[in-house]
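This is what each chain is made of:
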Amino acid sequence: MNIIEKHQKWMTYAIREAELAFDGGEVPVGAVIVKDNTIIARGHNRRESLNDPTAHAEILAITSAANHLEDWRLKGCTLYVTLEPCPMCAGASVNSKLKQIVFGARDADAGACGTVHDIAGKKNPIHKISVLQGILEHDSKLLLTKFFNTIRKEKKPDSS
């Protein structure tokens, strides 16, 4: 298995988490954290169900990984997430000292791993994280598009 296939394998698990978010009426973003070729944490958006603006997939996965490792330092860990992390999630990734972030779809509105901001990458003076984008991008975008099209359809006034 080459490196891209390996990343695609783990991103498939993040997409499954995003599907759980979708099924729960949440923006479909999913994340997994991998260390030593094993998933140690999972998360999907739960802002609506928890009434918590910080309950992003990445934050929930980072918290779970830290609890699993019994250490807030997630050295040697890779975060796989279906959508480019926002500034809050990129900042949490830096503070947790992740080794790498791999994401599917770019976020043109709030992406903080190179699209709008570069919190995790080259310009960060605290801890630089390797960032890889576009892994299973189509699948990630498709789920987001389906979700937002459904929302728009539900909000559309009845024409009868």
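Further up the page is the structure itself.
Residues numbered from 1 in each chain as written. Predicted model: local features only at pLDDT ≥ 70, side-chain atom pairs only at ≥ 80, totals over all residues. Heavy atoms only, no water.

Asker: Tell me about the packing of aromatic side chains, and please be specific about residues and values.
Answerer: Tallied over the full model, the rule gives three aromatic pairs. Taking the centre distance of 5.9 Å and the plane angle of 35 degrees together, the rings of Trp-10 and Tyr-13 count as tilted. Taken together, the residues Trp-10 and Tyr-13, both in helix α1 (residues 3-23) and three residues apart, mark about one turn of the helix. Judged by its relative accessible area of 25%, Tyr-13 is partly exposed. Pairwise contacts between aromatic rings join Phe-22, Phe-147 and Phe-148 into one cluster. One Lys or Arg, Lys-9, reaches over the ring of Trp-10 and ends 4.3 Å from the middle of that ring. (Phe/Tyr/Trp six-rings, centres within 6.5 Å; stacked < 30°, edge-to-face > 60°. Helix = DSSP H or I, 4+ residues; strand = E, 2+ residues; numbered from the N terminus. Buried < 20%, exposed > 50% of the residue type's maximum accessible area, 1.4 Å probe, protein only. Lys NZ or Arg CZ within 6 Å of the ring centre and 35° of its normal.)

Asker: Report on the sheet that holds strand β1 (residues 30-35), specifying residues and quantitative values.
Answerer: Strand order in the open sheet made by the five strands is β2-β1-β3-β4-β5, with mixed pairing throughout. Here the strands that pair on one side only, and so sit at the sheet edges, are β2 (38-44) and β5 (130-133). Between one strand axis and the next, the sheet turns by 15 degrees as a mean value, whatever way the strands run. Taken together, the five bridges between β1 and strand β3 (residues 77-83) define a ladder with antiparallel strand orientation. Across the sheet, the residue bridging to Val-32 is Tyr-80, located in β3. The strands that helix α5 (residues 137-155) touches are β3 and β4 (100-105); relative to β4, the one it contacts most, it runs at about 60 degrees. (Pairing = 2+ DSSP bridges. Axes fitted to C-alpha atoms, helices over the stretch in contact; angles between N-to-C directions. Contact = heavy atoms within 4.5 Å.)

Asker: Requested: an account of the nonpolar core, with residues and values cited.
Answerer: Counting 30 residues, the largest nonpolar core has Ile-33, Leu-74, Leu-79, Val-81, Leu-98 and Ile-101 as the members making the most contacts within it. When residues of this core are traced back to their parent elements, those giving at least two are β1, β2, α3 (57-69), β3, α4 (87-95) and β4. Top contributing element to this core by residue count: α3, with six residues. The contacts of Val-81, once residues within four sequence positions are left out, are Met-11, Ala-14, Val-29, Gly-30, Ala-31, Glu-58, Ile-101, Val-102, Phe-103 and Gly-104. (Core = buried A, V, L, I, M, F, W, Y, C linked by side-chain atoms within 4.5 Å.)

Asker: Residue-level account of α3, with values.
Answerer: The first and last C-alpha atoms of α3 sit 18 Å apart over 13 residues, in line with the 18 Å expected at 1.5 Å per residue. When we look at burial in α3, the residues that qualify are Ala-57, Glu-58, Ile-59, Ala-61, Ile-62, Ala-65 and Ala-66. Lining the buried residues of α3 we find β1, β2, β3 and α4. Phi for Glu-70, located one or two positions after α3, is positive at around 55 degrees. (Expected span 1.5 Å × (residues − 1).)

The values reported here are purely geometric and, on their own, carry no functional implication.
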